Amino acid sequence: MIGINQSIYVDSTLYYRNKENWSASTKDGTKTASSTGWVKLTPKMIEMLKEWREKQRDIFGDIPYIFMCDGTMYTPTRWNCWKTTLVKKWNKTAKENEVLENIRVHDLRDSHGMWLLSQGIDIKTIQKRLCHAKATTTMNYYLDRLPENEEKVLQGF
């Protein structure tokens, strides 16, 4: 759900068992209590998601989730459907700076966390943005992935 305040509301977790057996019900809730809530997006992000939704409707009709392929949730084996069909169709009409690469959906989250860290955003803010229950989760996952941190330590001496 997209709110008036340029945010999306996260209120469920995808429980994927197989192609025919998955659920994302709000009654099931999210994985942790900290995962439920509003996530702020930029106006450009909101606009891109709306454009993507329209393109997705043009290709497959009205389907309930933004990362689906022909009405079924993507799977590792069905990833090629999403990657080759939807991404290629998006890229045909995308501006040069909006071309999508063939990455996993979860890579978007990881990339965002890494980008925030590289921009000097504090761990507590990144924790809140990624809806981690504890800042240690954020620190343990992201801090070791910035090679330039080691360089900064060496330059400080």
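Scroll up to find the structure this text is about.
Report follows, based on the coordinates. (Residues numbered from 1 in each chain as written. Predicted model: local features only at pLDDT ≥ 70, side-chain atom pairs only at ≥ 80, totals over all residues. Heavy atoms only, no water.)

## Focus: the overall build of the protein chain
Stage number 1. Secondary structure assignment for the protein chain yields six helices and six strands.
Stage number 2. Helices and strands appear in the protein chain in the N-to-C order β-β-β-β-α-β-β-α-α-α-α-α.
Stage number 3. Looking at the protein chain as a whole, 29% of its 157 residues qualify as buried.
Stage number 4. Partitioning the intrachain contacts of the protein chain with sequence separation of at least 6 by distance along the chain shows that 48% fall at a separation of at least 24.
Stage number 5. Accessible surface for the protein chain amounts to roughly 10800 Å². Of this, 56% is attributable to carbon and sulfur atoms. (Helix = DSSP H or I, 4+ residues; strand = E, 2+ residues; numbered from the N terminus. Buried < 20%, exposed > 50% of the residue type's maximum accessible area, 1.4 Å probe, protein only. Contact = heavy atoms within 4.5 Å. Areas by Shrake-Rupley, 256 points an atom, 1.4 Å probe, with all protein chains shown as cover.)

## Side note on the packing of aromatic side chains
Stage number 1. What the rule picks out here adds up to one aromatic pair.
Stage number 2. Centre to centre, the rings of Tyr141 and Tyr142 are 4.7 Å apart; their planes meet at 75°, and the pair counts as edge-to-face.
Stage number 3. For Tyr141, a relative accessible area of 33% translates into the label partly exposed. (Phe/Tyr/Trp six-rings, centres within 6.5 Å; stacked < 30°, edge-to-face > 60°.)

## A short note on unusual backbone geometry
Leave glycine aside and you will find that most residues have negative phi; peptide bonds, for their part, are mostly trans.
Stage number 1. With phi around 60°, Cys131 is a residue other than glycine that occupies positive phi space.
Stage number 2. Tracing the backbone through its elements, the reader meets Cys131 in the loop between helix H4 (123–130) and helix H5 (135–142).
Stage number 3. Judged by its relative accessible area of 15%, Cys131 falls in the buried class.

## With respect to the pattern of salt bridges
Stage number 1. Evaluated as defined, the whole model comprises two salt bridges.
Stage number 2. Among the salt bridges present, the one from Glu98 reaches Lys44, with a minimum N-O distance of 3.2 Å. On the criterion of sequence distance, the pair formed by Glu98 in the loop between helix H2 (79–93) and helix H3 (105–118) and Lys44 in helix H1 (residues 43–60) is long-range, its members being 54 residues apart.
Stage number 3. Here Glu98 falls in the buried class, since its relative accessible area comes to 11%.
Stage number 4. Here Lys44 falls in the partly exposed class, since its relative accessible area comes to 47%.
Stage number 5. Close ionic contact of Glu54 with Arg57 constitutes a salt bridge, the shortest N to O distance being 2.8 Å. Remark: Arg57 and Glu54 occur in helix H1; sequence separation between them is three residues, near one turn of the helix.
Stage number 6. Residue class for Glu54 comes out partly exposed when judged on its relative accessible area of 42%. (Salt bridge = Lys/Arg side-chain N within 4 Å of Asp/Glu carboxyl O.)

## Considerations on H4
Stage number 1. Three or more residues of H4 are buried, namely Ile123, Ile126, Gln127 and Leu130. End-on view of H4: buried residues confined to an arc of 105°, all on one side of the axis. Along H4, the residues that are exposed and aim more than 90 degrees away from the buried face are Lys124 and Lys128.
Stage number 2. The residue sitting at the N-terminus of H4 and contributing the capping side-chain oxygen is Asp122; that oxygen lies 3.3 Å from the backbone nitrogen of Lys124.
Stage number 3. Where H4 terminates, the next one or two residues include Cys131, which has phi positive at roughly 60°. (Arc of directions from axis to C-beta. Polar contact = N/O pair within 3.5 Å; in protein donor to acceptor, adjacent residues only side chain to side chain.)

## A few points about the packing of H4 against H5
Each pair of packed helices can be described by the angle between their axes along with the distance between the axes.
Stage number 1. Their axes nearest at 9 Å, the elements H4 and H5 cross at an angle of 100°. As summarised for this structure, H4 and H5 are arranged roughly perpendicular, according to the angle between their axes. Contact residues: Ile123, Lys124, Ile126, Gln127 and Leu130 in H4; Ala135, Thr138, Met139 and Tyr142 in H5.
Stage number 2. Grouping the amino acids of the contact of H4 with H5 by side-chain chemistry returns six nonpolar, two polar and one charged. (Axes fitted to C-alpha atoms, helices over the stretch in contact; angles between N-to-C directions. Parallel < 35°, antiparallel > 145°, perpendicular 65-115°, else oblique. Nonpolar A, V, L, I, M, F, W, Y, C, P; charged D, E, K, R; others polar.)

## What to know about H1
Stage number 1. Under the 1.5 Å per step criterion, the end-to-end length of H1 is 26 Å for 18 residues, consistent within 8% with the ideal 26 Å.
Stage number 2. When H1 is considered as a whole, its buried residues turn out to be Ile46, Trp52 and Gln56. The buried residues of H1 all sit within an arc of 125° when viewed along its axis, so they share a single face. Projecting away from the buried face of H1 at angles above 90 degrees are the exposed residues Pro43 and Asp58. (Expected span 1.5 Å × (residues − 1).)

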